Amino acid sequence: MNEKEIIDVETRYMANVYSKKPIVLTRGKGAVVWDINGKEYIDCSTSYGVALLGHCHSKVVAAVRAQAEQLITCHGCYYNDKRAEFVDKLVHITPPGLDKVFLSNSGAESVECAIKLARKYTGRPEIIALMGAFHGKTMGALSATWDKKYREPFMPLVPEMKHVAPDNADKIREAISEKTAAVLMEPIRGEGGVRIPPEGYLQKVREICSEKKVLLIFDEVQTSFGRTGKLFAC
């Protein structure tokens, strides 16, 4: 298909989820991508950080090919050598105390799991999130997301979600009630404009949550695995 045909097909058949740019990308290497006409671009988003090592890194390509030739998928009701290798490695690089792994298909799904775990563990329903936050578009994650352009078409959303002003630990302290299960936040707000918090803010929130006996959930979908210069932003 040529450029126009590709754009026409996607416009006709794809769900209208994203605001599209009229560019047909067909190839990438490292931080550079090329469109169907050979025009070169620097990829500054990598699908919100998915291509963490850049496009088509030789070791990633080799690993994907080797696994595809060995076994395509293995359901969780069976054990698997590569999965065991992966979760063992993951537990040993995460901050101390994080010693269980839930493998999910998307960032939104991981946030959904975190909300459910917080409610189940504490027996309390309320989640406090930040104004300007983005956590995903599934119902629970969407309920914690701030921007009304995402939220309003799907009201009413999951109840007992509360939003407070960012970068102000006192606002979080004031918002915590006897119903609060957890505070949910991005260590660095992504869609809110790559907002780095003030010095000491995250530590203060940690202290408040410990004092008030509520959980603190860091959504590191965009900040983990070295994207900030540290393995985990928290």
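Residues numbered from 1 in each chain as written. Predicted model: local features only at pLDDT ≥ 70, side-chain atom pairs only at ≥ 80, totals over all residues. Heavy atoms only, no water.

(A) How the structure looks around helix α4 (residues 81-93). End to end, α4 covers 19 Å across 13 residues, agreeing with the expected 18 Å (1.5 Å per residue, within 8%). The distance from a side-chain oxygen at the start of α4 to the backbone nitrogen of K82 is 3.0 Å, and the residue carrying that oxygen is N80. (Helix = DSSP H or I, 4+ residues; strand = E, 2+ residues; numbered from the N terminus. Expected span 1.5 Å × (residues − 1). Polar contact = N/O pair within 3.5 Å; in protein donor to acceptor, adjacent residues only side chain to side chain.)

(B) Quick look at the sheet that holds strand β5 (residues 161-164). What the 4 strands build is an open sheet, ordered β5-β4-β6-β7; its pairing is parallel. The open sheet terminates on both sides in strands that have one partner only, identified here as β5 and β7 (215-218). Neighbouring strand axes in the sheet, compared pairwise and without regard to direction, differ in orientation by 25 degrees on average. Sheet topology note: the strand β4 (residues 126-130)/β5 ladder contains 4 bridges and is parallel. Its bridge partner lying in β5, A129 is registered against H163. (Pairing = 2+ DSSP bridges. Axes fitted to C-alpha atoms, helices over the stretch in contact; angles between N-to-C directions.)

(C) Representation of the nonpolar core. Judged by nonpolar contacts, the single largest core of 17 residues is most densely connected at L130, I172, V183, M185, Y201 and V205. Counting residues per element, the ones that place at least two in this core are β4, α8 (169-175), β6 (180-185) and α9 (201-212). When residues in this core are grouped by element, the largest group, 5 residues, is from α9. Every residue in contact with I172, bar those within four places of it in the chain, is listed here: I128, L130, V164, V183, M185, Y201 and V205. By size, the runner-up hydrophobic cluster in this structure holds 14 residues, among which are V111, I115, I127 and L184. (Core = buried A, V, L, I, M, F, W, Y, C linked by side-chain atoms within 4.5 Å. Buried < 20%, exposed > 50% of the residue type's maximum accessible area, 1.4 Å probe, protein only. Contact = heavy atoms within 4.5 Å.)

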